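If you want the building blocks of each chain, they are given just below.
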Amino acid sequence: MDLNSDKKAASAAGGDSQKKASKPPSKAEMDPPPAFIEHRLKIWDRVKKERDEFVAAQTCQLIKITLPDGKEVEGKSWETTPYDVARGISQGLADNTVVAKVNGELWDLDRPFEGDATLQLVKFEDDEGRYVFWHSSAHMLGESMERYCGGNLCYGPPIENGFYYDMWLDDRKVTEGDYPNLESIMKTIQKEKQPFERLEMKKEDLLDMFSYNKFKVRLLNERVKTPTTTVYRCGPLIDLCRGPHVRHTGKLKACQVTKSSSTYWEGNSEAETLQRVYGISFPDMKQLKEWRHFQEEAAKRDHRKIGREQELFFFHELSPGSCFFLPRGAHIYNKLIDFIKNQYWKRGFQEVVSPNMYNTKLWQTSGHYQHYAENLFSFDIEKQQFALKPMNCPGHCLMFDHKPRSWRELPLRLADFGVLHRNEISGALTGLTRVRRFQQDDAHIFCRTDQIKDEIIGCLDFLQHVYGVLGFTFKLHLATRPKKFLGEIEDWDFAEKQLTESLDAFGQPWKLNPEDGAFYGPKIDITIMDALKRSHQCATIQLDFQLPSRFNLHYVTGDASEEKKRPVIIHRAILGSVERIIAVLTENYGGKWPFWLSPRQGIVVPVAQPFDAYAQKVRDSLHDAGFSCDVDLDPGNTMNKKIRNAQLAQYNFIFVVGEKEQNNNTMNVRTRDNKVRGEHSIEHVIARFREFTETQILDAEEKF
């Protein structure tokens, strides 16, 4: 089969698609368009002509393209593209493919092979496929913003659920009233099927091309260290970009602008204020409609909304990013901490209390100051700089080092719920998920190298138990040595081998995240899935050879030489930030807290006022037994109204009492879902409640 038979036709179609971009502007667009667009296109045309001449001069050779099943397909270098191969298999496959992977590297579908290669075809359902799809959608949004606003584009990346583009507009703001116009232009761009074209350009040409945009000039001068880099074009938009992208904008069939906000250039509050516009896109309208329905359900479960309705917590402008937990919210907070503390006792962790404030020399020793200074709350005391701690590990190193350590003491598992502070910029603060003041179930395990595997397996077992109780499934990824790292490659190889063996021994599926480790050591990333199938990263397990070296930590071996060796540190958190996990749990449960965690475990409702005293007695009995129980004695509401109010407030159990119950020293039990469980004695209810608390089951109402 000739994989190149339609090459000229496809090229002609692509050229026509780019020409469509010059059609008369719609009413929503600037007229005339920004002058810098013509300037960019002139430089593009010149360099593109040179590139086309270079490609045409290349000698085409027969190459072999190997598919994932081992099948080999013949092609020609500098001519055959991944799209040609996909179309040779089936047109449907080609149409549903978002991007290719050539020799393991993401690759444009219309970019020719340059030699023998392996080929994978990636769809929207794949993580990498969505990443590229949303990256291309960001460019389409950027083009729309240029055609509508005429400002200077900055960054436009894909994110976990969609994409955004930042634009500098001087004194103008993007508001919700602008969304329809932006979406209208995006729809026009989609219909034009503008091809995404890749071009490698010299830095000096790029500085000329983007001379109108001070932000792109900064990026070129500060970030681009090579003589050349790549840009991508779709329609009149040309932007700095590594790519790859979808074939053309016609693939981005269902798009919506979702929100906008102000932000700072590169998160620096001293820099320019930008307008950030967010969007979402899908290959078809059906998926967009499903997403909208999902958003409606997510809005109902928003932890900020439920926290307000259930009187769990609030925020105040006088302490931004620091949560005020009300009594019922503090109940949940403390239950989670007690849950972890109970496991600490069983699993050999020792809880410590460390200072909140340190001289910044500590962070200079640990290396955090060099990378993290802007996130510290720092201040001067007696002409020396101090800071509130943003993490516990350097303080725990001081604890390890405060006396000589023997090999017999290892592993030493130190746990700390100390208060942490991180100076997040105000625009990034988001409910409980991004705060300035928080606590973690933070622990650091100091161990010998021969203990790493067992300790990692113990950490994995710990998180499996915790997430099982909370009702989460999870995924595991091993993140290996990044390009920029500290330490010796031999240490990294050994550490990665230990983590690999630990994951294999644990027995759960896991995947590799190459080059995604922390700069000081490899790590295991744990992602939990909530009831809405959203992923959250809360737990972490990280190996660290660097801190023991920076703090010069040692332990004495047990052999005759009394040799000193360095321990290894395992950073470990399961809940992560207690604030963040409460946000995740609130939305996962939709405010319907499991009994053992609930701040409203029961409420007593008398059928009439003569039974108020008995209702109070029942409430006191349950409260004295250690359960969160209330009584509704409001004379202004009927019994049915009280029951309905209790169900809406998500009390797990509602106890109705009247003459019969008073005479029998019982209560009539029903659940928040209005399931009647019948008459039970106070003693029986207390016994069942203790059982539910001990077993920590998620469906106590069903099991009663």
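Attention here is on the structure that accompanies the text. Source: prediction; values computed, not measured.

Concerning the overall build of the chain
Then step 1. Along the chain, the regular secondary structure elements total 23 helices and 35 strands.
Then step 2. Each principal axis of the C-alpha atoms in the chain carries an extent, and together these give about 95 × 80 × 60 Å.
Then step 3. Relative to its full complement of 704 residues, the chain shows a buried share of 51%.
Then step 4. Considering only contacts within the chain whose residues lie at least 6 apart along the sequence, 69% involve residues at least 24 apart.
Then step 5. Here the chain displays about 33,300 Å² of accessible surface, and carbon together with sulfur accounts for 48% of that area.
Then step 6. Considering the chain, the positive charge centre built from 97 side chains and the negative charge centre built from 101 side chains are found 2 Å apart.

Here's the deal with helix H11 (residues 327–347)
Then step 1. Spanning 21 residues, H11 covers 30 Å between terminal C-alpha atoms, matching the ideal 30 Å at 1.5 Å per step.
Then step 2. Backbone geometry just after H11 places Gly348 at a positive phi near 80°.

What to know about the sheet that holds strand S1 (residues 62–66)
Then step 1. Strand order in the open sheet formed by five strands is S2-S1-S5-S3-S4, and the pairing between neighbours is mixed. Only two strands of the sheet have a single partner each, and these edge strands are strand S2 (72–76) and strand S4 (105–107). Recorded for the sheet is a direction-independent mean angle of 40° between the axes of neighbouring strands.
Then step 2. Two elements, strand S3 (residues 97–102) and strand S5 (residues 117–123), share five bridges in a ladder whose sense is antiparallel. Across the sheet, the residue bridging to Val99 is Val122, located in S5.
Then step 3. Sheet strands in contact with helix H3 (residues 82–89) are S1, S3, S4 and S5, and its direction is about 70° off that of S5.

A look at the pairing of strand S33 (residues 653–657)
Then step 1. Counting buried positions along S33 yields five of five residues, so the element is predominantly enclosed.
Then step 2. Of the two faces of S33, the one lined by Phe653, Phe655 and Val657 and the one lined by Ile654 and Val656 are each fully buried.
Then step 3. Pairing of strand S31 (residues 602–606) with S33, which is carried by five bridges, proceeds in the parallel orientation. The partner of Gly602 across the bridge, within S33, is Phe653.
Then step 4. Strand direction decides the pairing type here: S33 and strand S34 (residues 666–671), joined by four bridges, are antiparallel. Each bridged residue has a counterpart across the sheet, and for Phe653 the counterpart in S34 is Thr671.

About the thresholds
Residues numbered from 1 in each chain as written. Predicted model: local features only at pLDDT ≥ 70, side-chain atom pairs only at ≥ 80, totals over all residues. Heavy atoms only, no water. Helix = DSSP H or I, 4+ residues; strand = E, 2+ residues; numbered from the N terminus. Buried < 20%, exposed > 50% of the residue type's maximum accessible area, 1.4 Å probe, protein only. Contact = heavy atoms within 4.5 Å. Areas by Shrake-Rupley, 256 points an atom, 1.4 Å probe, with all protein chains shown as cover. Lys, Arg positive; Asp, Glu negative; His and termini not counted. Charge placed at Lys NZ, Arg CZ, Asp CG, Glu CD. Expected span 1.5 Å × (residues − 1). Pairing = 2+ DSSP bridges. Axes fitted to C-alpha atoms, helices over the stretch in contact; angles between N-to-C directions.

Purely geometric stuff here, so don't read any function into it on its own.
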